[in-house]
Amino acid sequence: MSDRVREMQKKILKLKEEKNAILLVHNYQRPEIQEIADFLGDSLELARAATKTSADIIIFCGVDFMAETAHILNPKRKVILPSLESRCPMAAQLPASLVRRVKERNPDVPFITYVNTLAEAKAEADICCTSANAPRVVERVKNDGMVFMGPDRNLAWYSERVTSVRVIPVPEDGHCYVHKKFKPEDVLRLKKKYPDAVVIVHPECDPEVQQLADAIGSTSQMVRFAHETDAERIIVGTEIGLIDRLRRELPEKEFIPLREDAVCREMKMITLERVLSALAEERPVVTVPEDVARRAERGIRRMLEVLA
Ligand code: 13P
Ligand code: SF4
């Protein structure tokens, strides 16, 4: 890291202390931001961390739905998202009106929203899940062996495979553009090149990619797997930011990205400069209308009761 980066990190840490602020950072953030996190984790861990903090300000280094969730869970704190353009495109794929319509037509089938949704959609559903606890949430709420889940169809496929419950994706083609890039050929090529390597992937990957993996999990579950496995070489099928964390924590192991171009533009819009100015100016603040927040909170709190 350059002197300029170090200087900026120091300024953020000092200001954070003065303002009683906390930095919650997702595993896909830039390495220089990961390094100064108070808490670094996956969506479920960050939601839990947001409920526990007594800091006055939460600087959320992630994307829109994560900051909204933090605000809903801890409305007394000021939640700041350093870049308002950091909107997860998948979260926009499940409008609240679609959840409402599906529920009206199928009142007995529980609707699970992936945490990667906006608060209005969560407000219409029965419960929320993340990639860390989706199968357990499915088991918890299933009715007559069936649930709806949206918007990620690959997470729905994964949850159905693990539980044998029928998990109907809504909409039919919801997906993450970053994880869509991974193809079975990428896995086969790298497995041939590194026959001793193990392959870990995120459940947002296509089923054909998941079927070739040794382990599937949320970003922090992938970190735990990397710590625990005896394998010294690991092929990683998720956004590239996770590899920065893995290399920092396990320098003795080799991490090979399944694709170098697996970059989430929205996550990477947050830079040290933006974190510093957001903290200095205490904006942009993320808010959710009170009635929507309270209805969304039910499903989020139910999700937090389900262990990963
Ligand atoms: P995790 O909850 O596994 O960190 O995933 C969030 C996400 O946006 C994956 O693309
Ligand atoms: Fe959304 Fe995909 Fe980026 Fe995750 S990686 S925040 S699902 S666009």
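Conventions we followed
Counting of residues starts from 1 at the beginning of each chain's written sequence and follows it residue by residue. Each chain takes a letter, starting from A, and each ligand takes a number, starting from 1, following the order in which they are written. Local features are withheld for residues below a pLDDT of 70 in this predicted model, meaning they are given only at 70 or higher, and side-chain atom pairs are given and counted only at 80 or more; totals for whole chains, interfaces and linings count all residues. Only hydrogens and water are set aside; all other atoms, that is, all heavy atoms of the structure, feed into the side-chain values. Of the grid points, spaced at 1 Å and generated over the protein atoms alone, those admitting a 1.4 Å probe that cannot get out make up cavities, while open sets with protein on both sides within 12 Å along at least five of seven lines make up pockets; any residue with an atom within 4 Å of a point is treated as lining. Grid points are joined across faces, edges and corners, and a volume is the space filled by probe spheres set on the points. Here a strand is any run of E in DSSP of at least two residues, a helix any run of H or I of at least four, and the numbering for each starts at the N terminus. Ten residues, namely Ala, Val, Leu, Ile, Met, Phe, Trp, Tyr, Cys and Pro, are considered nonpolar, four, namely Asp, Glu, Lys and Arg, are considered charged, and the remaining ones, Gly among them, are considered polar. Under the scheme applied here, a residue whose accessible area is under 20% of the maximum for its type counts as buried, over 50% as exposed, and between as partly exposed, the area being computed with a 1.4 Å probe on protein chains only. When DSSP finds two or more bridges between a pair of strands, those strands are recorded as paired. As a rule, the C-alpha atoms of each element are fitted with a line to give its axis, helices using only the stretch in contact, and angles between N-to-C directions run from 0 to 180 degrees. Pairs of residues are marked as contacts when any of their non-hydrogen atoms sit within 4.5 Å. Geometric relationships in this document are graded by angle, where less than 35 degrees denotes roughly parallel, more than 145 denotes roughly antiparallel, 65 to 115 denotes roughly perpendicular, and other angles denote oblique. Left-handed describes a crossing whose near helix is turned anticlockwise from the far helix through less than a right angle; right-handed describes the clockwise counterpart. Within 3.5 Å is the distance limit for a polar contact, defined as a pair of N or O atoms, with the added protein rule that one can donate a hydrogen and the other accept it, and that residues adjacent in sequence qualify only through two side-chain atoms. Geometry of aromatic contacts follows a simple scheme: Phe, Tyr and Trp rings, the Trp one being its six-membered ring, pair when their centres are within 6.5 Å, and the pair is stacked under 30 degrees between planes, edge-to-face over 60, tilted otherwise.

Visitor: Give me the lowdown on empty space enclosed by the protein, citing residues and values where you can.
Guide: Tallied over the entire structure, the rule returns two cavities of 30 Å³ or more. A volume near 270 Å³ is recorded for the largest cavity. Elements supplying a minimum of two residues to the lining of the largest cavity: α4 (64-73) and α13 (265-268). Partitioned by chemical class, the residues of the lining of the largest cavity number 13 nonpolar, nine polar and four charged. Taken as a whole, the second largest cavity holds about 60 Å³ of empty space. Lining the second largest cavity are S43, L46, A47, F60, F65, M66, T69, A70 and V115. Take the lining of the second largest cavity: its biggest share by element is four residues, from α4.

Visitor: Explain the environment of R224 residue by residue, including any values.
Guide: Secondary-structure assignment places R224 in helix α11 (residues 219-228). Look at R224 and you get partly exposed, because its relative accessible area is 38%.

Visitor: Which residues make up the sheet that holds strand β1 (residues 21-26), and what values go with them?
Guide: Across the sheet, which stays open at both edges, the four strands sit in the order β2-β1-β3-β4 with parallel pairing between neighbours. Edge positions in the open sheet fall to β2 (39-41) and β4 (78-80), since each of these has one partner strand only. For this sheet, the mean inter-axis angle between neighbouring strands, taken without regard to orientation, is 20 degrees. Bridging between β1 and β2 involves three bridges; their strand directions are parallel. Pairing of V25 across the sheet is with L40, part of β2. Strand contacts of helix α3 (residues 43-52): β1, β2 and β3 (57-61), with the helix running at about 150 degrees to β2, the strand carrying the most contacts.

Visitor: Can you tell me about the packing of α3 against α4, naming the residues and giving the values?
Guide: Remark: α3 packs on α4, axes separated minimally by 8 Å, with the N-to-C direction vectors making an angle of 30 degrees. When the axes of α3 and α4 are compared, the pair comes out roughly parallel. The two elements α3 and α4 meet at a crossing, and its hand is right-handed. In this structure, α3 contributes S43, A47, A50 and T51 to the contact, and α4 contributes F65, M66, T69, A70 and L73.

Visitor: Could you give an account of the packing of α4 against helix α15 (residues 290-304), naming the residues involved and the relevant values?
Guide: What describes two packed helices is the angle between their axes and the distance between those same axes. Relative orientation of the contacting elements α4 and α15 amounts to 95 degrees, with a least axis distance of 9 Å. By the angle class used here, α4 and α15 are roughly perpendicular. Taking contact as the criterion, the partners of T69, I72 and L73 in α4 are, on α15, A293, R294, A296, E297, I300, R301 and L304. Class assignment of the residues belonging to the contact of α4 with α15 gives a composition of six nonpolar, one polar and three charged.

Visitor: So, the side chain of E239: which residues are in play, and what are the values?
Guide: Here E239 is to be found in the loop between β11 (233-237) and α12 (241-249). You can call E239 buried: its relative accessible area is 1%. A polar side-chain atom of E239 sits 2.7 Å from the main-chain amide nitrogen of G241. Polar contacts involving the side chain of E239 include one to the side chain of K268, which spans 3.0 Å. The contact partners of E239, leaving out residues within four places of it in the chain, are Y28, V178, H179, A262, V263, C264 and K268.

Visitor: Go over unusual backbone geometry with me, naming the residues and quoting the values.
Guide: Looking along the chain, the bond that leaves G150 and enters P151 is cis, with omega of 10 degrees. Inspection of the secondary structure assignment puts P151 in the loop between β7 (146-150) and α8 (153-163).

Visitor: For the packing of aromatic side chains, give the residues involved together with the corresponding values.
Guide: Applying the stated criterion across every chain, the model contains one aromatic pair. With centroids separated by 5.9 Å and ring planes inclined at 25 degrees, the aromatic side chains of F111 and F148 adopt a geometry described as stacked. One end of the pair, F111, is in strand β5 (residues 111-114); the other, F148, is in strand β7, with 37 residues separating them in the sequence. Taking the relative accessible area as the measure of exposure, F111 reaches 0% and is therefore buried. You can call F148 buried: its relative accessible area is 8%.

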